[in-house]
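# Coordinate inspection notes
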Amino acid sequence: MSDEPQPQQPTPGWAQREPQAAGKGPTGEPGAPKAGKAKKPKRPKRTGWRRLIPTWRIVLSTVVVGLLLIVGGFFLGYHLVQIPAANALATKQSNVYLYADGTVLARDGEVNRESVGLARISKEAQHAVLAAEDRDFYTESAIDPMAMVRAGWNTATGKGKQSGSTITQQYVKNYYLAQEQTVTRKVKEFFISIKLDREKSKDEILEGYLNTSFFGRGAYGIQSAAQAYFGVDAKDLTAAQGAYLASLLNAPSQYDVVAHPENKPAARARWNYVMNGMVDKGWLSASDRAAAEFPKPKQSTISTNMSGQRGYVVNIVKKYLNENGIVDEEELGRGGYRITTTLQKDKQDAFVKAVDDKLMSQLDQKERKVDTYVRAGGASVDPKTGKVVAMYNGIDYVKQYTPNAVRRDFQVGSTFKPFVFTSAVENHSQTQSGQTINPNTRYDGTSERPVQGWAGGRYAPENEDHRDYGHVTVREATDKSINAVYAQMAVDVGSDKVKQTAIDLGLSKNTPELTPSPSIALGVATASPLDMAEAYATIANHGRHSTYTLVEKVTKDGKQEVALPERREHQAVSREAADTTTSVLRSVVENGTATAAQVVGRPAAGKTGTAEEDTAAWFAGYTPDLATVVAVMGQDPKTAAHKSLYGVMGLARINGGGAPAEIWGQYTRNALKGQPVTDFDLQLQAGADVTAPPSSDASDEPGDGDASGSSDPDAPSTGDEDGTDSPGDSGGSTPPGGPGGTESGPPNTGGGTPGTGRPSTEPGPTGGSGDDSANGGTDEGGGDTDGAGGGAPDTGTSTGAGTVAGIPVTPRRQ
């Protein structure tokens, strides 16, 4: 065999392969597959409309990216959107002032809202709101996407503008956000709702929603709405009433069937929807549903605001809260306070009616100009607790703004005299002749008899109508309100001690004209009716003093209770001093100038008083259960200057034994109606239990009152003090011209500076309750023309210079 390679024979069935050009397939075509591999079919190109349909890869990618953006956006929004502070409107509330029994007295503030806790909203009302707005509230999440989509679809398709918001979302809109319909607000609402649902309980959210929702009639919150539509508190709402209020949430104005009776069918349909929803959820039985009737809301009233006595009371209570450090003015202005006063509605109403019956209805302002001057004020205090149970301040706050119960610009007249006697017993005082002062001590009641023992200058006050009474007991002098006796007694006791006793009993140490001098006994001080009621209540309470209180309870935002000052009581004067004064004042009602008060029909004590020139007439009286002071005042309605009341009601003179005592009698009788009649339990000063016989040399005529100053309108004052002592009886059987003495200490000016004659003003409402009149100027020896009788002042003139201790004294009338 040859060593040379032999040519190979081709395999049968195969053709010899020819060399291929680079880049060519077996057929010579470019890109032809290599030998041994199958050819892959080429995808046909998409043409026409098919090019618009995304591939599944694009769809999947878009979904994934979209989900990532949504989740990322959610977490970003959740962390970026914070729960904001409440909006200004949501936090504004009115302050609510209540009577002692819890009934509403008044409201103030820009927004009629009173927030209350969920416990103070009836379960029926809660369920009604849930049935109307969000039946699955307690089981669902903070947002309901399906409801939102459904509401959006219904709105877009013309089925009406609807809300898909849950109660949580609505609360967020009311409390945290504004009401505008914007995408930004909706986004914020969405995220805040989710956060809030995690941070607050369902009860807290429902409570907030019920307190911020608008129900129409200017009422924000269900408590204000309950009062506005049904005159009840939210805790007392029935299922039918609650369903009606819940219906209002959908359309407050349209569904008010009083304002829009034509919409009653629509309102009833909505009410039925709510009531049926309550049955469906098991919140109301079918039988109760069948028995329920569509409620009838009360008539809508123009804002109660400050009309009648309300405005006076609100301002006085505000001042009380501020001055006693309970709530300051700024905080009170923010609202949200629920203030329960000590005022009792039945007594308050009785006071107003008594003034109307005995005074206001008797006036004829068209025929008698003097009747236009009449003002009335009064206060009533429970002696045992110091609580103010009623006040009268004026005919109407929107017509007369000055609160007459607390003003300090009218002389109290002879209602001050009991403080002089109380001080005498308290200090074991003696007359100039050394006899202990008691109800049977005899004084010289001669008009214009100069007082003895006063180092400040001559002082010789006159009695009313210059009447001389001769030698009379202290009891008689009190019955007849004899100035000469009490001026001397003030010196015998020490006018500085008298002043202190008055303060201890309850008068403010800042009372205008409360100056230690003989004239203090005649009531030249200008305390308020409330001041005087507090002092008389102390005497009625056996000398134990409780600073008056006007507020029983204060809460903030329906939850937080505000601390009140601790009630303090102390023995201001001895029981002996207080009770002996009561025994003397009982005689004034039984035999003296206040017999008109006997209409009360139970044991009573009191004292009449009339200011100088008859600018005011007073009666201060009490039973064992109630101390009340009434004042009738004269004031020019335009200039606010003090005016004499001669001729009021067609009478020659208005005095304490007239209209004031009559008002007191009717009011006290009605205020205590139904209460058992109780007698005074008195522990008297030694010797005071026996009443001395009437003085034989006393005037046979009944005392008509007391007055210092001339009864001649043009005569000068008798209040001159020239340092001389005139003879006079200063106690016991000491004859005129008996021994005299001097009161230690520096001379006094005898009653302070004379009145300036500057008229006060009566401004519009300012939110304050202070003294609005400045014309309280008094003259030394200021007069009191009090009495049970009447008659024109006589024309006698007094003798004496027109100065007191070197201070000019304005001539006065009686």
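Here the structure is a predicted model, which means the values were calculated and not measured. (Residues numbered from 1 in each chain as written. Predicted model: local features only at pLDDT ≥ 70, side-chain atom pairs only at ≥ 80, totals over all residues. Heavy atoms only, no water.)

This paragraph deals with the overall build of the protein chain. Regarding its fold elements, the protein chain presents 21 helices and 18 strands. Looking at the 814 residues of the protein chain, the share that counts as buried comes to 53%. At a minimum sequence separation of 6, the contacts of the protein chain that also span at least 24 residues come to 76%. (Helix = DSSP H or I, 4+ residues; strand = E, 2+ residues; numbered from the N terminus. Buried < 20%, exposed > 50% of the residue type's maximum accessible area, 1.4 Å probe, protein only. Contact = heavy atoms within 4.5 Å.)

So, on to the nonpolar core. With 125 residues, the main nonpolar core has Leu359, Phe416, Phe419 and Met489 as its most contacted residues. Those residues in contact with Phe419, other than ones at most four positions away along the chain, are Thr501, Ala502, Leu505, Leu507, Met532, Ala535, Tyr536 and Ile539. In this structure, Ala125, Phe137, Ile167 and Ala251 belong to the second largest nonpolar core, which totals 48 residues. (Core = buried A, V, L, I, M, F, W, Y, C linked by side-chain atoms within 4.5 Å.)

Another aspect to go through is the sheet that holds strand β15 (residues 616-622). Sheet architecture is open: five strands sit in the order β7-β6-β16-β15-β14, paired in antiparallel fashion. The strands lining the two open edges of the sheet, one partner per strand, are β7 (388-392) and β14 (605-610). Each strand axis lies, on average, 5° off the axis of its neighbour in the sheet, ignoring direction. Two strands pair when backbone bridges link them, and β14 and β15 are joined in this way by six bridges, in the antiparallel orientation. Within β15, the position partnered with Gly606 by the bridge is Gly621. In the packing of helix α19 (residues 529-540) onto the sheet, contacts are made with β6 (374-381), β7, β14, β15 and β16 (627-634), and the angle to β6 comes to roughly 35°. Sheet strands in contact with helix α20 (residues 575-591) are β14 and β15, and its direction is about 65° off that of β14. (Pairing = 2+ DSSP bridges. Axes fitted to C-alpha atoms, helices over the stretch in contact; angles between N-to-C directions.)

Okay, a nonpolar patch on the surface next. Among the surface-exposed residues, Val59, Val63 and Leu67 lie close enough to one another that they form a single nonpolar patch of about 250 Å² accessible area. Note that Leu67 resides in helix α1 (residues 56-80). (Patch = residues over 30% accessible without salt bridge, like charges linked within 9 Å, V, L, I, M, F, W, Y side chains within 5 Å. Areas by Shrake-Rupley, 256 points an atom, 1.4 Å probe, with all protein chains shown as cover. Salt bridge = Lys/Arg side-chain N within 4 Å of Asp/Glu carboxyl O.)

Another point: the packing of helix α8 (residues 222-230) against helix α9 (residues 239-248). Relative to each other, α8 and α9 sit at 110°, their axes nearing to 11 Å. Regarding the angle of α8 to α9, the classification is roughly perpendicular. Helix-helix and strand crossings are classified by hand; for α8 and α9 the assignment is right-handed. Of the residues in α9, those touching α8 at Ile222, Ala225, Ala226, Tyr229 and Phe230 are Gln241, Tyr244, Leu245 and Leu248. In terms of residue class, the contact of α8 with α9 is made up of eight nonpolar, one polar and no charged. (Parallel < 35°, antiparallel > 145°, perpendicular 65-115°, else oblique. Left-handed = near helix turned anticlockwise from the far one by under 90°. Nonpolar A, V, L, I, M, F, W, Y, C, P; charged D, E, K, R; others polar.)

Turning to the pairing of strand β1 (residues 95-98), a few remarks are in order. Residues Asn95 and Tyr97 point to one face of β1 and Val96 and Leu98 to the other, with burial holding for every one of them. Sheet topology places β1 next to strand β2 (residues 104-108); four bridges connect them, and they run antiparallel. Residue Leu98 lies in a different strand from β2, and its bridge partner there is Val104. Turn length for the β1-β2 hairpin, with the two strands adjacent in sequence and antiparallel, is five residues, and the turn residue Gly102 shows positive phi of about 95°. Bridge analysis of β1 against strand β5 (residues 337-341) gives three bridges, and the strand direction is parallel. For Leu98, the partnering residue across the bridge sits in β5 and is Thr340.

A separate point is helix α21 (residues 659-671). Counted at 1.5 Å a residue, the expected span for α21 with its 13 residues is 18 Å, and the 18 Å between its end C-alpha atoms agrees. Extensive coverage of α21 is indicated by the burial of ten of its 13 residues. Every buried residue of α21 is listed here: Ala659, Pro660, Ala661, Ile663, Trp664, Gly665, Gln666, Tyr667, Thr668 and Ala671. Contact partners of the buried residues in α21: α14 (345-358), β6, β7, β15 and β16. (Expected span 1.5 Å × (residues − 1).)

Enumeration over the complete set of coordinates arrives at 28 salt bridges. The shortest N-O distance in the salt bridge between Arg449 and Asp444 comes to 3.9 Å. Residue classification places Arg449 among the buried residues on the basis of a relative accessible area of 4%. Ionic contacts of the salt-bridge type, sharing partners, join the residues Arg107, Glu114, Arg120, Asp233 and Arg338 into one network.

Strand pairing in a sheet is mediated by backbone hydrogen bonds. Such pairs are either parallel or antiparallel. The strand order β2-β1-β5-β11-β12 describes an open sheet built from five strands, whose pairing is mixed. Each having just a single partner strand, β2 and β12 (560-561) make up the two edges of the open sheet. Helix-sheet contacts for helix α12 (residues 310-323) involve β1, β2, β5 and β11 (551-556), and the interaxial angle to β2 is about 75°.

Residues spaced three or four apart along an α-helix face the same direction, because each turn holds 3.6 residues. Most of helix α15 (residues 417-426) is tucked away: nine of the ten residues are buried. Where α15 is concerned, the buried positions are Lys417, Pro418, Phe419, Val420, Phe421, Thr422, Ser423, Ala424 and Val425. Residues of α15 that are buried make contact with α16 (474-479), α17 (483-493), α18 (495-505), α19, α20 and β14. Just beyond α15, the residue with positive phi is His428, at close to 50°.

Scored by pLDDT, the protein chain has a mean of 78; 70% of the residues are at 70 or more. Here residues 698-814 is a poorly scored stretch, pLDDT under 50, and it has 389 contacts once near neighbours within four places are set aside; other chains count. (pLDDT = per-residue confidence, 0-100.)

Our focus in this paragraph is the side chain of Thr415. One can find Thr415 in the loop between β7 and α15. With residues near it in sequence (within four places) discarded, Thr415 still touches Met532, Tyr536, Lys607, Thr608, Gly609, Trp618 and Ala620.

Positive phi, close to 55°, is recorded for Asp465, a residue that is not glycine. Looking at where Asp465 falls in the secondary structure, it is placed in the loop between β8 (442-444) and β9 (471-473). Of note in this structure, Ala640 is not a glycine but carries a positive phi near 70°. Tracing the sequence through the fold places Ala640 in the loop between β16 and α21. Taking the relative accessible area as the measure of exposure, Ala640 reaches 2% and is therefore buried.

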